[in-house]
2 protein chains.
Amino acid sequence: MKISIIGVGLIGGSLALSLRKTIPVNKIFGVDTNSANLSKALELGIIDATSELDEAIEDSDLIILTVPVNSIQDLLPSILDKVKNNQVVMEMGSTQQEILEAINDHPKRGRLVAVHPMAGTEYSGPEAAIDDLFTGKNMVFCDIVRTDADAFEIAESICDALKMKPVFMNAKEHDLHTAYVSHISHITSFALALTVLEKEKSQGRIFELAGGGFASTVRLAKSSPDMWVPIFKQNKKNVLEVLEEHIRQLQRMHDVLEEEDYDTLFKLIKQSNKIKRIIK
Amino acid sequence: MKISIIGVGLIGGSLALSLRKTIPVNKIFGVDTNSANLSKALELGIIDATSELDEAIEDSDLIILTVPVNSIQDLLPSILDKVKNNQVVMEMGSTQQEILEAINDHPKRGRLVAVHPMAGTEYSGPEAAIDDLFTGKNMVFCDIVRTDADAFEIAESICDALKMKPVFMNAKEHDLHTAYVSHISHITSFALALTVLEKEKSQGRIFELAGGGFASTVRLAKSSPDMWVPIFKQNKKNVLEVLEEHIRQLQRMHDVLEEEDYDTLFKLIKQSNKIKRIIK
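Predicted model only: the values in this text are computed from it and were never measured.

Criteria and cut-off values
Along each chain, residues carry numbers from 1 onward, in the same order as the chain's sequence is written. Going through the entries in the order they are written, you letter the chains from A and number the ligands from 1. Local features are withheld for residues below a pLDDT of 70 in this predicted model, meaning they are given only at 70 or higher, and side-chain atom pairs are given and counted only at 80 or more; totals for whole chains, interfaces and linings count all residues. The side-chain values count all of the structure's non-hydrogen atoms but skip hydrogen atoms and water molecules. Elements are defined by DSSP. Helices are runs of H or I of four residues or more, strands are runs of E of two residues or more, and each kind is numbered from the N terminus. Each polar contact in these results corresponds to two N or O atoms within 3.5 Å; when the atoms are within protein, one needs to be able to donate a hydrogen and the other to accept it, and residues that are neighboring in sequence are counted only if both atoms are side-chain atoms. Pairs of residues are marked as contacts when any of their non-hydrogen atoms sit within 4.5 Å. By definition, the buried area sums, over both parts, the 1.4 Å-probe accessible area that each loses when the two are put together. Salt bridge, as applied in this entry: a Lys or Arg side-chain nitrogen positioned within 4 Å of an Asp or Glu carboxyl oxygen. Each residue gets one label: Ala, Val, Leu, Ile, Met, Phe, Trp, Tyr, Cys and Pro are nonpolar, Asp, Glu, Lys and Arg are charged, and the others, such as Gly, are polar. Buried, partly exposed and exposed residues are distinguished by accessible area as a fraction of the type maximum, computed with a 1.4 Å probe on protein chains only: under 20%, between the cut-offs, and over 50%, respectively. Strand pairing requires that DSSP identify at least two bridges connecting the strands. By the criterion used throughout, a crossover qualifies as right-handed when its path from the first strand across the helix to the second strand runs clockwise, the strands pointing away from the viewer. As a rule, the C-alpha atoms of each element are fitted with a line to give its axis, helices using only the stretch in contact, and angles between N-to-C directions run from 0 to 180 degrees. Throughout, the edges of the domains are those of an automatic or database domain assignment.

1. Quick word on the side chain of A:S189
Piece 1. One can find A:S189 in helix α7 (residues 171-199).
Piece 2. A polar contact is formed between the side chain of A:S189 and the backbone nitrogen of A:A221, at a distance of 3.2 Å.
Piece 3. The contact partners of A:S189, leaving out residues within four places of it in the chain, are A:T217, A:V218, A:R219, A:L220, A:A221 and B:T217.

2. Digging into the interface of chain A and chain B
Piece 1. At the interface, 89 residues of chain A touch 89 residues of chain B.
Piece 2. Of the roughly 8700 Å² buried between chain A and chain B on both sides combined, carbon and sulfur atoms contribute 73%.
Piece 3. On the chain A side of the interface with chain B, the three residues burying the most area are A:K199, A:L209 and A:I278, jointly 9% of the side's total.
Piece 4. Between chain A and chain B we count six salt bridges in total.
Piece 5. Linking B:E173 and A:R205 is a salt bridge whose minimum nitrogen-to-oxygen distance equals 2.6 Å.
Piece 6. At the boundary of chain A and chain B, one finds 25 residue pairs in polar contact (both at pLDDT 80 or more).
Piece 7. For the side of chain A that touches chain B, the elements supplying multiple residues, two or more each, are β7 (138-142), β8 (165-169), α7, α8 (203-209), α9 (212-218), α10 (225-234), α11 (236-258) and α12 (262-272) of chain A.
Piece 8. At 21 residues, α7(A) tops the list of elements feeding residues into the side of chain A that touches chain B.
Piece 9. Partitioning the side of chain A that touches chain B into residue classes produces 46 nonpolar, 22 polar and 21 charged.

3. Here's the deal with the pattern of salt bridges
All names here are of chain A.
Piece 1. Under the definition given, this model contains 28 salt bridges over all chains.
Piece 2. As a salt-bridge pair, K40 and E43 come within 3.7 Å of each other at their nearest N and O atoms. A residue pair is termed a helical-turn pair when its members lie 3 or 4 positions apart in one helix, as K40 and E43 do in helix α2 (residues 35-43) at three residues.
Piece 3. The exposure class assigned to E43 is exposed, which follows from its relative accessible area of 60%.
Piece 4. With its nearest N and O atoms 4.0 Å apart, the salt bridge here joins K201 to E198.

4. A look at the pairing of strand β6 (residues 112-117) of chain A
Residues and elements named next belong to chain A.
Piece 1. With six of six residues buried, β6 lies mostly within the body of the structure.
Piece 2. Here β6 shows no split at all, with L112, A114 and H116 on one side and V113, V115 and P117 on the other all buried.
Piece 3. Note: strand β5 (residues 88-91) against β6, three bridges, orientation parallel. Bridging from a neighbouring strand, E91 pairs with A114 of β6.
Piece 4. The β-α-β motif built from β5, the intervening helix α5 (residues 97-103) and the parallel element β6 has right-handed crossover chirality.

5. Remarks on the sheet that holds strand β8 (residues 165-169) of chain B
All names here are of chain B.
Piece 1. Taken together, the eight strands give an open sheet; going across it, the order is β3-β2-β1-β4-β5-β6-β7-β8, and neighbouring strands pair in mixed fashion. Two strands lie at the open edges of the sheet, namely β3 (49-50) and β8, each paired on one side alone.
Piece 2. As defined by bridge partners, strand β7 (residues 138-142) adjoins β8 across five bridges and the pair is classed as parallel. Bridging across to β8, F141 finds its partner in F168.
Piece 3. Lying on the sheet, helix α6 (residues 149-161) is in contact with β4 (62-65), β5 (88-91), β6 (112-117), β7 and β8; it crosses β7 at an angle near 165 degrees.

6. Examining the domain arrangement of chain A
Residues and elements named next belong to chain A.
Piece 1. Assigned domains within chain A: domain 1 (2-169) and domain 2 (174-277).
Piece 2. Relative placement of domain 1 and domain 2: their C-alpha centres are 30 Å apart.
Piece 3. Contacts between the two partners involve 20 residues from domain 1, matched on the other side by 17 residues from domain 2.
Piece 4. Buried area between domain 1 and domain 2, summed over both chains or domains, comes out near 1400 Å², and the portion from carbon and sulfur atoms is 58%.
Piece 5. On the domain 1 side of the contact with domain 2, S94, T95 and E122 bury the most area, a combined 40% of that side's loss.
Piece 6. At the junction of domain 1 with domain 2, the criterion picks out two salt bridges.
Piece 7. Residues E122 and R219 are paired through a salt bridge, measuring 2.5 Å at the closest nitrogen-oxygen approach.
Piece 8. Inspection of the domain 1/domain 2 interface yields nine residue pairs in polar contact (both at pLDDT 80 or more).
Piece 9. Contributing elements (two or more residues each) for the side of domain 1 that touches domain 2: α4 (69-82), α5 and β7.
Piece 10. Of the residues belonging to the side of domain 1 that touches domain 2, the class tally is eight nonpolar, ten polar and two charged.

Here it is in structure tokens:
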């Protein structure tokens, strides 16, 4: 199988490293507007060759898009214009609704498999790629009824090869639930970093007092704005809604503390502990 | 050396396990109002014997308090009443100012070493104890000028044995900076758990969509209210102040997203990325 990876960053690079180990790969082409990333991916043995987008599309059995969601939206129509009926395109957007609405009536819609691998780290670029990033994680397949059966089978075999568990939902549900569960975590982490940088003028004190708890809650604040601004833009309505709820919850904790209502504060924390049942 | 651990939970238990491996310990007594925790600690070999508080004080060279901060405050005056000048008391509170103000004029003040080990996990109880919890972490010594030189030396040797790095500040500074760096992380995590439990009525969707990012930001929400309500109570003023700033930062991210001011959103995220320089 010849594979093109459009966007050789953390996700694209990790994908290449994993697939190389698990399925028969003839050649992996890398496409990226960032030439430093391309050279690095080649040097690290993540890709076999660099390529221009049009040639990559021409030469590949499988084309995987792992660029930020705005770029997926920009590139997808012209990629679908060019693919033949024996080729498969997978896009791995963290948001799906806008991307899929834009190509829903495309004559080659069936060649596209829309997936969102629920895996990542706060790092970016091909240097951050790791071969077991996806192991044991979920792969969300969106609007799969619009995908041709043979294209789905190829994507399913990729999901298997990555040792991921398939999950199915429509694009609208996907964007709603990822806002509620995943995107809000990034917002809180960015805001926490800004809070600490604003209040704590002494970098030394942050060094001295940051235990594992602070490090883990603020970890996602290292994430790239190039990736996250387009996600928040495309999922604005849902993100605003969950963010408003989050501000309400914080304000409530603030108010009960200010009023010295420690019984209610205790109950709120006890209530939040229920997350234990869900997250191990 | 005979050591009493008052509070055989995560911190007290981990302390006993570490010290057993690194310094000559004759006997470790465990004291706890929770008899199930005491039996468990004995069964796990964390302590050598259970004891009543008064006997433990009588029989020990070193008495370490690892109970919630409200209990430290309650117990400390009567413990100091009983200690002799060849005994040392260490209290390991996550807040310090109220605790230390209450015993500042005690005739045995010099026997007390006030420290805050910047280590912990979201778990509690002796089952959660691990022998390398403290390795490489910072131990904050508070108001050390009020401690007798020989008592400080004993505490310093404990700090060394735990492979911790000593850091010094006064109690007021300690409470201010821990609110800014550590306590706010717990508040955001509790509130994030409440937000997700409120918005996302489908537990199944949380399971499916919770990647590593969500798990790490919400991890601290598993922390016990028995420990945290007293911390927030004792550090109310500082915690409210940093929480107000945090709500402002979230509201700002909300507003720029609502106004579709993506340039500012990009700048805010880029600014938050500066936390990279401080947290590895």
